[in-house]
Amino acid sequence: MKIIVCGDSFCSADTSHPGTHFSELLQFNEHLVINLARGGISNTGIAFQMQEAIKFDPDVVIFSTTFSSLTLPTGKQPFKKQRRLKNF
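For every chain, the first residue of its written sequence is number 1, and the numbers climb from 1 along that sequence. Local features in this predicted model are restricted to residues of pLDDT 70 or higher, and side-chain atom pairs are both shown and tallied only at a pLDDT of 80 or more, whereas totals for entire chains, interfaces and linings draw on every residue. As a convention, hydrogens and water are excluded, and side-chain values are obtained from all of the structure's heavy atoms.

Draft legend 1. Structural context of the overall build of the protein chain. For the protein chain, the helix and strand inventory stands at two helices and three strands. Secondary structure elements follow DSSP: runs of H or I of four or more residues count as helices, runs of E of two or more count as strands, with numbering from the N terminus. The helix and strand sequence of the protein chain, counted from the amino end, reads β-α-β-α-β. Looking at the 88 residues of the protein chain, the share that counts as buried comes to 22%. Only heavy atoms matter for contacts: two residues are in contact if any of them lie within 4.5 Å across the pair. Restricting the contact set of the protein chain to residue pairs at least 6 apart, pairs at least 24 apart contribute 61%. A 1.4 Å probe rolled over the protein chains alone gives each residue an accessible area, and that area as a share of the maximum for its type sets the label: buried under 20%, exposed over 50%, partly exposed in between.

Draft legend 2. Quick peek at unusual backbone geometry. Of note, Asn29 is a non-glycine position whose phi angle comes to about 55°, a positive value. Examined against the element boundaries, Asn29 turns out to sit in the loop between helix 1 (22-25) and strand 2 (32-35). We classify Asn29 as exposed; its relative accessible area is 69%.

Draft legend 3. Region of the structure containing helix 2 (residues 43-55). Spanning 13 residues, helix 2 covers 19 Å between terminal C-alpha atoms, matching the ideal 18 Å at 1.5 Å per step. Along helix 2, the residues that are buried comprise Gly45, Ile46, Gln49 and Ala53. Buried residues of helix 2, seen end-on, are gathered within an arc of 100° and therefore sit on one face of the element. In helix 2, the exposed positions angled more than 90 degrees off the buried face are occupied by Thr44, Phe48, Ile54 and Lys55. Helices are assigned an expected span. That span is 1.5 Å times one less than the residue count. Arc, as used here, means the arc of the directions from the helix axis to the C-beta atoms.

Draft legend 4. Region of the structure containing the environment of Asn35. Turning to its location among the elements, Asn35 is positioned in strand 2. Asn35 sits 18 residues away from Ala53 along the chain, and the two C-alpha atoms are 9.3 Å apart. Those residues in contact with Asn35 that sit more than four places away from it in its chain are Val5, Cys11, Ser12, Ala13, His21 and Ser23. One polar contact links the side chain of Asn35 to the main-chain carbonyl oxygen of Cys11, over a distance of 2.8 Å. Definition of a polar contact: a pair of N or O atoms within 3.5 Å, with one able to donate and the other able to accept a hydrogen when the atoms are protein atoms, and with sequence-neighbouring residues admitted only if both atoms are side-chain atoms.

Draft legend 5. Spatial organisation of the pattern of salt bridges. Salt bridge, as applied in this entry: a Lys or Arg side-chain nitrogen positioned within 4 Å of an Asp or Glu carboxyl oxygen. Counted under the stated rule, the structure contains one salt bridge. For Glu52, the salt bridge is made with Lys55, and the minimal N-O distance between the two is 2.9 Å. Of the two residues, Glu52 and Lys55 are both situated in helix 2; the distance of three residues between them amounts to about one turn of the helix.

What follows is the structure, encoded as structure tokens:
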């Protein structure tokens, strides 16, 4: 069985503690686990991970979304220079 893992830091394995992450523990018998998850990635990045995952023709895709606290103005309120967002 081919399993692909997509997501943010919660789904990426910790290299300082090998063999302890759930994605590593799934690798038993004939299971192949490919972990595409990366720490600090956005939901858009996770969507790209899932797009890549499809190319592997997986049996199972495990994914987790992330939370983004970034909010952008809708046009009702102007940008303020102290926010340091320019040409966004």
